[in-house]
Amino acid sequence: MEVHVLTCPFCTAPISQRTNLCEYCGHEYMISSFSSLSKLGRANINKYTNAYSNALKDEPNDASLNTSVGICYIGLGMYEKALICFEKVIEKDPENSFGYFAAAISMLNGKSAFLNEKKKVDKAIGYVNAALIISEIGIYHFLMAYLKYDYYKRKYLKIDPDHRYHLNLAYSYGILNGDVNDLFTMLNVKIPDEF
Ligand SMILES: [Zn+2]
């Protein structure tokens, strides 16, 4: 994939090579994870969002650009806009598990699963299921455990498999504290004490 239309979000230097680091200022062009976003700091997220939004005018369906701007929108608390980006990522790059994971996070709109409508929580669960089919990793099971715990368990509703099943799998596949913190920062909710 080539992104001719993007300039460095940090220093606006043109992108000359197929690298993710700006030759002039050394910053990342494409934000592709929540951890790179948290390293950026909130003040710079707007710069990146503007650069990606400009590039998207020329390439509105580009999966990488939509991923990067979607991550920035989540970081800015603009969950509805983020969801539109990740729905596009899923459509254009359906084998990319991160698109489903991020769509599930966006679906909750910065509120706990408990406070969301069942329809939205179930849709988020559907997205995480899709992510897990493509790539079974700990952090996806951790998000699934949260959705099933905070909505189903706390409302005394049954769901099979339950949150414990996913929590056990998350710990057996392995999860990093940093990833868990980034996940709950992006969700804008606290990690349940039970976890
Ligand atoms: Zn630069």
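Residues numbered from 1 in each chain as written. Predicted model: local features only at pLDDT ≥ 70, side-chain atom pairs only at ≥ 80, totals over all residues.

### Remarks on the packing of helix H5 (residues 97-107) against helix H6 (residues 118-134)
As a packed pair, H5 and H6 sit with axes 8 Å apart at the nearest point and diverge in direction by 165 degrees. Classified by the angle between their axes, H5 and H6 sit roughly antiparallel to one another. Like other packed secondary-structure pairs, H5 and H6 cross with a definite hand, here left-handed. Here Ser 97, Tyr 100, Phe 101, Ala 103, Ala 104 and Met 107 of H5 come into contact with H6, specifically with Lys 120, Lys 123, Ala 124, Tyr 127, Val 128, Ala 130, Ala 131 and Ile 134. (Axes fitted to C-alpha atoms, helices over the stretch in contact; angles between N-to-C directions. Helix = DSSP H or I, 4+ residues; strand = E, 2+ residues; numbered from the N terminus. Parallel < 35°, antiparallel > 145°, perpendicular 65-115°, else oblique. Left-handed = near helix turned anticlockwise from the far one by under 90°. Contact = placed C-beta atoms within 7 Å.)

### With respect to the domain arrangement of the chain
Each assigned domain of the chain is listed here: domain 1 (1-94) and domain 2 (102-195). Here the C-alpha centroids of domain 1 and domain 2 sit 25 Å apart. The interface of domain 1 with domain 2 comprises 14 residues on the first partner and 12 residues on the second. Among the secondary structure elements, those contributing two or more residues to the side of domain 1 that touches domain 2 are helix H1 (34-40), helix H3 (63-75) and helix H4 (79-92). (Domains from an automatic or database assignment.)

### Quick notes on the nonpolar core
Phe 101, Ala 103, Ala 104, Ala 124, Val 128, Leu 143 and Leu 147 are the most contacted members of the largest nonpolar core, which has 58 residues in total. Lining this core are residues from two domains, each supplying at least three of them: domain 1 (1-94) and domain 2 (102-195). Apart from the residues within four sequence positions on either side, Val 128 is in contact with Tyr 100, Phe 101, Ala 104, Tyr 140, Leu 143, Met 144 and Leu 147. (Core = buried A, V, L, I, M, F, W, Y, C linked by C-beta atoms within 7 Å. Buried ≥ 20, exposed ≤ 12 C-beta atoms within 10 Å, placed from the backbone.)

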